[in-house]
Amino acid sequence: MIPTSITFFEYLTPLVASGAKTITIRDASENHYVPGSQVEVFTLETHQKVCDITILSVEPLAFDDINAFHAQQESLPLDELKQIIQKVYPNQQSLFMISFELVK
Ligand SMILES: CC(=O)Nc1ccn([C@H]2C[C@H](O)[C@@H](CO)O2)c(=O)n1
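Residues numbered from 1 in each chain as written. Predicted model: local features only at pLDDT ≥ 70, side-chain atom pairs only at ≥ 80, totals over all residues. Heavy atoms only, no water.

As recorded by an unreviewed UniProt entry, the protein carries the name N(4)-acetylcytidine amidohydrolase and is attributed to Shewanella holmiensis. According to the UniProt record, the Function (unreviewed entry) comment for the protein is "Catalyzes the hydrolysis of N(4)-acetylcytidine (ac4C)." Listed in UniProt under the heading Sequence similarities (unreviewed entry), the comment for the protein reads: "Belongs to the N(4)-acetylcytidine amidohydrolase family." (UniProt positions renumbered as here; feature names shortened; annotations may be inferred.)

Given below as structure tokens:
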């Protein structure tokens, strides 16, 4: 089944809805998004619909390879991005970068 929704922490959703955030880094439980598919974005905490995005690609990304360019695409400072990922996915080296664009 092609997934049709994705959740983001509520405080990050303005970055998605504005088009400023164009990637998200997730673990293997969310590596099944399909390039070209349209996906509804919801807040994780309250499940409010935020916007729609189109998935562009899903690629493996090691935690140690996360760099300033990833942070720029996340619209977050690099140290904050790495702290968030370590908190959400503790001790996970094997991650996935999901690239997307906002549906206007
Ligand atoms: C279940 C769920 O919604 N999990 C996540 C995981 C990550 N994020 C954000 C935090 C960072 O900006 C990037 C990188 O993981 O994605 C999130 O909003 N929700």
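> Could you clarify how one ought to interpret the pattern of salt bridges in this entry?
Pairing between side chains of opposite charge can happen when the charged atoms of each approach one another. Applying the stated criterion to the full structure yields four salt bridges. Across the salt bridge formed by Glu74 and Lys21, the nearest N and O atoms sit 2.5 Å from each other. Taken together, the residues Glu74 in helix H2 (residues 68-74) and Lys21 in the loop between helix H1 (13-17) and strand E2 (23-26) connect sequence positions 53 residues apart. Looking at Glu74, the relative accessible area reads 4%, which means it is buried. Across the pair Glu40 and Lys49 runs a salt bridge whose closest N-O atoms are separated by 3.1 Å. By relative accessible area, Lys49 is classed as partly exposed at 41%. Several salt bridges converge on common partners, so that one network encompasses Glu40, Lys49 and Asp52. (Salt bridge = Lys/Arg side-chain N within 4 Å of Asp/Glu carboxyl O. Helix = DSSP H or I, 4+ residues; strand = E, 2+ residues; numbered from the N terminus. Buried < 20%, exposed > 50% of the residue type's maximum accessible area, 1.4 Å probe, protein only.)

> Which parts of the structure should I look at to understand the UniProt feature "domain: ASCH" (unreviewed entry) in the protein?
In the UniProt entry, the feature "domain: ASCH" (unreviewed entry) is given for residues 6-104. Span residues 6-104 is 23% helix and 36% strand, its end C-alpha atoms 17 Å apart.

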